[in-house]
Amino acid sequence: PSANVGVVGLAVMGANLARNLASREGNRVAVYNRSPERTRTLVSAHPEAGFVATESVADFAAALTRPRTAIIMVQAGKATDAVISELADAFEPGDIIIDGGNAQYTDTIRRELELRQRGLHFVGAGISGGEEGALNGPSIMPGGSAESYETVGPIFRSIAARAEEDGEPCVTHVGTDGAGHFVKMVHNGIEYADMQLIAEAFDLLRRGAGFEPAEIAEIFAEWNTGELESYLIEITAEVLRQVDARTGRPFVDVVLDQAGQKGTGTWTVQAALSLGTPISGIAEAVFARGLSSHPEQRLAGAHLEGPGSPIALEDRDAFVEDVRQALYASKIIAYSQGFDVIRTAASQYGWHIDSGAVAKIWRAGCIIRARFLGRIAEAYQADPSLVSLVTAPFFSEAAGRAQQAWRRVVSTAALSGVPAPGFSSSLAYYDALRAPRLPASLIQAQRDFFGAHTYRRIDGPGVFHTEWSGDRSETQTGE
Ligand code: NBP
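Participant: Got a sec to walk through the overall build of the protein? Specific residues and values, please.
Facilitator: Helices and strands together make up the secondary structure of the protein, namely 20 helices and 10 strands. Relative to the 2.2 N^0.38 estimate, which gives 23 Å for 479 residues, the radius of gyration of the protein is 26 Å and therefore close to what a compact globule would have. Principal-axis analysis of the C-alpha atoms places the extent of the protein at approximately 80 × 70 × 45 Å. Partitioning the contacts of the protein with sequence separation of at least 6, the portion at a separation of at least 24 is 65%. Surface accessibility of the protein: about 22,400 Å² in total, with carbon and sulfur atoms responsible for 53%. Averaging the locations of the 42 positively and 58 negatively charged side chains of the protein gives two centres separated by 2 Å.

Structural data, given as structure tokens:
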């Protein structure tokens, strides 16, 4: 055996990850793919990588030094199960199987348990950054045992993206079993929210304020020099500058307005619903994509009445600044909610997730990379038991400074008939957090009325029920 690490699955992600691994000092990479042509193509296209090409699982296992360490990059779901099963049969106790695909964290929990019972280590690692990240440095979110991380940590550190601020590699041992894939899933959920908020800002500037895409590109480019600085803001400016070669129109205008999705946003919302954690901003983003891709409903709704003409803005520059602030405040809420669901899942599954470390590994290599993440890391470092990110001093001050602008933007959106579900639901969430009393008191009373679901009182302990259909006397039913 001559290879210290192997990659199984040599489609675009696996091939790029294998090349990234091979380019690092000290690595010798064995490669294997179900269809041998893919292996041959990769190996002949990249002689510099010095790959150890194998054409059977047995040869692949024989090529690896022990403990064997193999990264699987195949389609999530059944294909991953099939590959894990073949590798597990060929590997020996103490060896490490890493799944770098986009697995459901519940699958990862199941697989980890099955392999642990056979004496093998299983590491579910979220890998973000797409093809380019895989080749040049992704953000990596590994789960699995602390023991396996002693072996995989140095390998991952060698290939991960590095944060510009301090050169730290964007990888950390997130937690045991499914923790890494859970955090990767939430990363994608936050990405949905970030993109939706940017799209709402664009829509308000375009339809609300009447700017042309090229002008909005300059606005985003300008925003990218301040607190909103991020990859997604940067590429938004690029996209909005683009002119369609065929028609000469702004590129954004010739793209069909139906957003696709591959499911990780939905998974995030499903997980949050099961955990009882409100992530309304992320949910709105997933639903907004869903609504966009129902042409029959949109066609049926096209005649519904709205405000007559676009509202006249007295000061366009002031509106642009308001939208910037609304975007920033809503983004704080999206991240706050994302970190909430990580925290509740960590307590449910017994993962000890360091939220500050998670924020740090998202600073480079992944789609949501942003200046802002350094601030999030600082907030969690200052207070590791922070219950809600938006309540941390830095973020509560930022949201406080933005809140008037945020309210103006949400009301302008409503008055001008431009949908802004992300902005408005984030603001509602913020106001619910601040509210001294919520109308949940009325809901409890209604529940007691129709279902004898009982309620607690503000003036002392005990569980009570009112005889709504009788004399309306109150009885205590519990402590
Ligand atoms: P794909 O998701 O398109 O999967 C293709 C690979 O899976 C090929 O190597 C194929 O082998 C292999 N495969 C399949 Br399909 N069924 C198999 C089976 N039953 N047994 C063995 N191998 C099987 O590749 P990808 O786009 O490179 O993505 C790989 C993983 O990385 C996925 O889980 C994906 O979700 C994740 N990911 C992708 C991106 C991205 O930007 N594309 C980003 C982050 C994560 P064959 O050559 O023999 O058909």
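Additional details are given in the paragraphs that follow.
Participant: Requested: an account of unusual backbone geometry, with residues and values cited.
Facilitator: A cis amide bond, omega -5 degrees, links R66 with the succeeding residue P67. Tracing the backbone shows P67 in the loop between helix 3 (57-63) and strand 4 (69-72). Backbone geometry places A452, a non-glycine residue, at a positive phi of 50 degrees. Within the fold, A452 resides in the loop between helix 20 (440-451) and strand 8 (455-457). The class of A452 is partly exposed, set by a relative accessible area of 43%.

Participant: An account of the site of the ligand is needed here, citing residue identities and associated values.
Facilitator: Taken together, the neighbourhood of the ligand is formed by 19 residues, with M13, N33, S35, R38 and V74 sitting nearest. L10 is positioned such that a nitrogen or oxygen atom in its backbone is 3.5 Å from an oxygen atom of the ligand. Within the backbone of M13, an N or O atom sits 2.9 Å from an oxygen atom of the ligand. Bound to the protein, the ligand loses 77% of the 900 Å² it would expose on its own. Within the residue set of the shell around the ligand, elements represented by two or more residues are helix 1 (12-22) and helix 4 (78-90). For the shell around the ligand, the residue count by class is 10 nonpolar, 7 polar and 2 charged.

Participant: Can you lay out the sheet that holds strand 3 (residues 52-53) for me, pointing to particular residues and giving the numbers?
Facilitator: The mixed open sheet is built from 7 strands, whose spatial order is 3-2-1-4-5-6-7. In this open sheet, the two strands that pair with only one neighbour each are strand 3 and strand 7 (139-142). By the bridge criterion, 4 bridges tie strand 4 to strand 5 (residues 96-99) in an arrangement that is parallel. Within the sheet, the bridge partner assigned to T69 lies in strand 5 and is I96.

Participant: Give a detailed account of the state of the cysteines, specifying residues and quantitative values.
Facilitator: Under the definition given, this model contains 0 disulfides. Note on C366: no disulfide assigned, nearest cysteine sulfur contributed by C170 at a separation of 7.1 Å. The exposure class assigned to C366 is buried, which follows from its relative accessible area of 0%.

Participant: Describe the pattern of salt bridges, with residues and values.
Facilitator: In the structure shown here, the tally under the stated rule is 30 salt bridges. Here R118 and D89 are joined by a salt bridge, their closest N and O atoms 2.8 Å apart. Of this pair, R118 sits in the loop between helix 5 (105-117) and strand 6 (121-128) while D89 sits in helix 4; the two residues are 29 residues apart in sequence, bridging distant segments of the chain. Taking the relative accessible area as the measure of exposure, R118 reaches 44% and is therefore partly exposed. D431 is the salt-bridge partner of R407, the closest N and O atoms lying 2.7 Å from each other. Of this pair, R407 sits in helix 18 (residues 393-416) while D431 sits in helix 19 (residues 421-434), and the two are 24 residues apart along the sequence. Accessibility expressed as a relative area gives 25% for R407, which makes it partly exposed. The class of D431 is partly exposed, set by a relative accessible area of 21%. Through salt bridges with shared partners, a single ionic network connects D81, D99, D107, R110, R111 and E114.

Participant: Account for the nonpolar core, naming residues and giving values.
Facilitator: Side chains of a nonpolar character, in soluble globular proteins, are inclined to be buried together. Counting residues in each nonpolar core, the largest one holds 90 residues, and the members touching the most others are F182, W223, Y335, F339, W362, I376 and F423. In terms of residue count, the dominant contributor to this core is helix 15 (residues 316-349) (16 residues). Within the second largest apolar cluster, 29 residues are counted, among which are L21, V29, V152 and I159.

Participant: Can you tell me about the confidence of the model for the protein, naming the residues and giving the values?
Facilitator: Per-residue confidence for the protein gives a mean pLDDT of 97, with 100% of residues at or over 70. At the level of chain-chain contacts, confidence expressed as ipTM amounts to 0.97, with global pTM at 0.96.

Participant: So what about the packing of aromatic side chains? Which residues, and what values?
Facilitator: Inspection of every chain in the model, using the stated rule, returns 16 aromatic pairs. Judged by centre distance (5.6 Å) and plane angle (55 degrees), the rings of F182 and W351 are tilted. Highlighted residues: F182 in helix 8 (residues 179-208) and W351 in the loop between helix 15 and helix 16 (355-361), separated in sequence by 169 residues. Residue class for W351 comes out buried when judged on its relative accessible area of 3%. Taking 4.9 Å as the distance between ring centres and 85 degrees as the angle between the ring planes, the aromatic pair formed by Y335 and F372 counts as edge-to-face. On the criterion of sequence distance, the pair formed by Y335 in helix 15 and F372 in helix 17 (residues 372-382) is long-range, its members being 37 residues apart. Take Y335: its relative accessible area is 0%, and that puts it in the buried class. Here F372 falls in the buried class, since its relative accessible area comes to 2%. Site record: aromatic cluster; members linked through ring pairs are Y328, Y335, F372, F394 and F395.

Parameters and conventions
- Residues numbered from 1 in each chain as written.
- Predicted model: local features only at pLDDT ≥ 70, side-chain atom pairs only at ≥ 80, totals over all residues.
- Heavy atoms only, no water.
- Helix = DSSP H or I, 4+ residues; strand = E, 2+ residues; numbered from the N terminus.
- Rg over C-alpha atoms; globule rule 2.2 N^0.38 Å.
- Contact = heavy atoms within 4.5 Å.
- Areas by Shrake-Rupley, 256 points an atom, 1.4 Å probe, with all protein chains shown as cover.
- Lys, Arg positive; Asp, Glu negative; His and termini not counted.
- Charge placed at Lys NZ, Arg CZ, Asp CG, Glu CD.
- Buried < 20%, exposed > 50% of the residue type's maximum accessible area, 1.4 Å probe, protein only.
- Near = heavy atom within 4 Å.
- Polar contact = N/O pair within 3.5 Å; in protein donor to acceptor, adjacent residues only side chain to side chain.
- Nonpolar A, V, L, I, M, F, W, Y, C, P; charged D, E, K, R; others polar.
- Pairing = 2+ DSSP bridges.
- Disulfide = S-S within 2.5 Å.
- Salt bridge = Lys/Arg side-chain N within 4 Å of Asp/Glu carboxyl O.
- Core = buried A, V, L, I, M, F, W, Y, C linked by side-chain atoms within 4.5 Å.
- pLDDT = per-residue confidence, 0-100.
- Phe/Tyr/Trp six-rings, centres within 6.5 Å; stacked < 30°, edge-to-face > 60°.

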